[in-house]
Amino acid sequence: MQMIQQTADLSAYLAADEVIDHHRPLVRETAARLADGVADSYEYARAAFEFVRDTVPHSQDSGDLRVTWRASDVLEQGTGICYAKAHALAALLRVEDIPTALCYQRLLHDDGSGYAVHGLVAVRFNGAWHRQDPRGNKPGVDAQFSLDGERPAFEPDPASGEMDYPVLYAEAHPAVVSVLKAAPDRPYLWKTLPTTL
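Note that the coordinates shown come from a computational prediction; the quantities given were computed from them, not determined experimentally.

**Student:** Hey, could you run me through the packing of aromatic side chains in this one?
**Tutor:** For any pair of aromatic rings, the description rests on two quantities: the centre-to-centre distance and the angle between the ring planes. One pass over the structure, following the stated rule, counts five aromatic pairs. Look at Tyr-13 and Trp-129: their rings are 5.1 Å apart centre to centre, the planes differ by 65 degrees, and that puts the pair in the edge-to-face class. One end of the pair, Tyr-13, is in the loop between strand E1 (4–5) and helix H1 (25–35); the other, Trp-129, is in strand E4 (residues 128–132), with 116 residues separating them in the sequence. Grouped by ring-pair contacts, the aromatic residues Tyr-83, Tyr-104 and Tyr-169 constitute a single cluster.

Here it is in structure tokens:
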């Protein structure tokens, strides 16, 4: 898939905002802990990915009813769905000057009852973007950090109407942010997830 930058300005993929709030102390402290002892930015990116993937449970898998959307809240509360986990990873990477985009897939719900937009990130190394999916592993899902071929949680099936969206967003998509902010709990959120972008 040919990925398309939303903006040619790479600095936009390092910026902090309300969602990717890497200016907050908790994000900076977490990044400093993860950076301690790593040899280079590649190792740091892998460590940050594995930290978010493995230590922040996906709230649907864990049964956590809380809804997080801001990166610092994800790290503080230790929970989130795919979008929230992508926001946390983006913040941890951007604070260490690794350009990071938000990207999305359109996937069928597990029960086949309709579509939902899934969130992940892309990191820029060696002049190219590499998508990474910190969703969290479970039986049937084995996402891995890789700069040599993608290892996402899900491979879209075009025959079923699933797809990768090619745009690399500098900011979280407004449709995603609005449903996260409006949801009083995860079961409500699950019913209101965007079905397309």
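Past the structure itself, the notes keep going.
**Student:** Just to check I follow, could you spell out the sheet that holds strand E3 (residues 115–125) for this structure?
**Tutor:** Sheet strands pair via backbone hydrogen bonds, and the direction of the pair is either parallel or antiparallel. Strand order across the open sheet formed by four strands is E4-E3-E2-E5, with antiparallel pairing between neighbours. For this open sheet the edge positions go to E4 and strand E5 (163–164), each flanked by a neighbour on one side alone. Where strand E2 (residues 100–108) lies against E5, two bridges are found, and the strand directions are antiparallel. From the neighbouring strand, Gln-105 faces E5, where its bridge partner is Asp-164.

**Student:** Is there a simple way to think about the pairing of E4 in this case?
**Tutor:** As a general feature of sheets, a regular strand has side chains that alternate between the two faces. With four of five residues buried, E4 is to be regarded as a mostly interior element. Of the strand pairs in this sheet, E3 and E4 are connected by five bridges, and their pairing is antiparallel. Paired with Val-121 across the two strands is Gln-132, which belongs to E4. The turn linking E3 back onto E4 is made up of two residues, and Asn-126 within it adopts a positive phi angle of 55 degrees.

**Student:** Can you walk me through the nonpolar core in this structure?
**Tutor:** Most often, soluble globular proteins have nonpolar side chains that are buried together. Counting residues in hydrophobic clusters, the biggest one holds 47 residues, and the most contacted among them are Tyr-44, Tyr-83, Leu-92, Leu-102 and Tyr-104. Contributing elements (two or more residues each) for this core: H1, helix H2 (41–55), helix H4 (71–77), helix H5 (82–94), E2, E3 and helix H6 (174–182). Setting aside residues no more than four positions away along its own chain, Leu-92 makes contact with Val-27, Thr-30, Ala-31, Leu-34, Tyr-44, Ala-48, Phe-51, Val-52 and Leu-75. Grouped together as the second largest cluster of nonpolar side chains are nine residues, Tyr-13, Cys-103, Leu-120 and Ala-170 included.

**Student:** Which parts of the structure should I look at to understand H6?
**Tutor:** In an α-helix, one turn spans 3.6 residues; hence positions three or four apart end up facing the same way. For H6, the complete set of buried residues consists of Val-176, Val-177, Val-179 and Leu-180. Turning to H6, the residues buried within the fold contact H5, E2 and helix H7 (186–192).

**Student:** Teacher, can you tell me more about the packing of H2 against H5 here?
**Tutor:** Axis angle and axis distance: for two packed helices, these are the angle between their axes and the distance between the axes, and together they describe the pair. In the contact formed by H2 and H5, the axes pass within 10 Å of each other and the chain directions differ by 155 degrees. Classified by the angle between their axes, H2 and H5 sit roughly antiparallel to one another. For H2 against H5, the interelement crossing comes out right-handed. Contact with H2, carried on its side by Tyr-44, Ala-45, Ala-48, Phe-49, Phe-51, Val-52 and Arg-53, involves Lys-85, Ala-88, Leu-89, Leu-92 and Leu-93 of H5 and no other residues of that element. Residues that form the contact of H2 with H5 fall into these classes: ten nonpolar, no polar and two charged.

**Student:** How should I be thinking about the pattern of salt bridges in this particular structure?
**Tutor:** When the charged atoms of two side chains lie near each other, side chains of opposite charge can form a pair. Scanning all chains against the criterion turns up eleven salt bridges. For Arg-135, the salt bridge identified is with Asp-61, shortest N-O distance 2.7 Å. Of the two residues, Arg-135 sits in the loop between E4 and E5 while Asp-61 sits in helix H3 (residues 59–62), which places them 74 residues apart along the sequence. Salt-bridge contacts for Arg-70 lead to Asp-73; the nearest nitrogen and oxygen are separated by 3.2 Å. When sorted by exposure, Arg-70 lands in the same class as Asp-73, which is buried. One continuous salt-bridge network, built from bridges that share partners, spans Glu-18, Arg-70, Asp-73 and Lys-181.

Analysis parameters
Residues numbered from 1 in each chain as written. Predicted model: local features only at pLDDT ≥ 70, side-chain atom pairs only at ≥ 80, totals over all residues. Heavy atoms only, no water. Phe/Tyr/Trp six-rings, centres within 6.5 Å; stacked < 30°, edge-to-face > 60°. Helix = DSSP H or I, 4+ residues; strand = E, 2+ residues; numbered from the N terminus. Pairing = 2+ DSSP bridges. Buried < 20%, exposed > 50% of the residue type's maximum accessible area, 1.4 Å probe, protein only. Core = buried A, V, L, I, M, F, W, Y, C linked by side-chain atoms within 4.5 Å. Contact = heavy atoms within 4.5 Å. Axes fitted to C-alpha atoms, helices over the stretch in contact; angles between N-to-C directions. Parallel < 35°, antiparallel > 145°, perpendicular 65-115°, else oblique. Left-handed = near helix turned anticlockwise from the far one by under 90°. Nonpolar A, V, L, I, M, F, W, Y, C, P; charged D, E, K, R; others polar. Salt bridge = Lys/Arg side-chain N within 4 Å of Asp/Glu carboxyl O.

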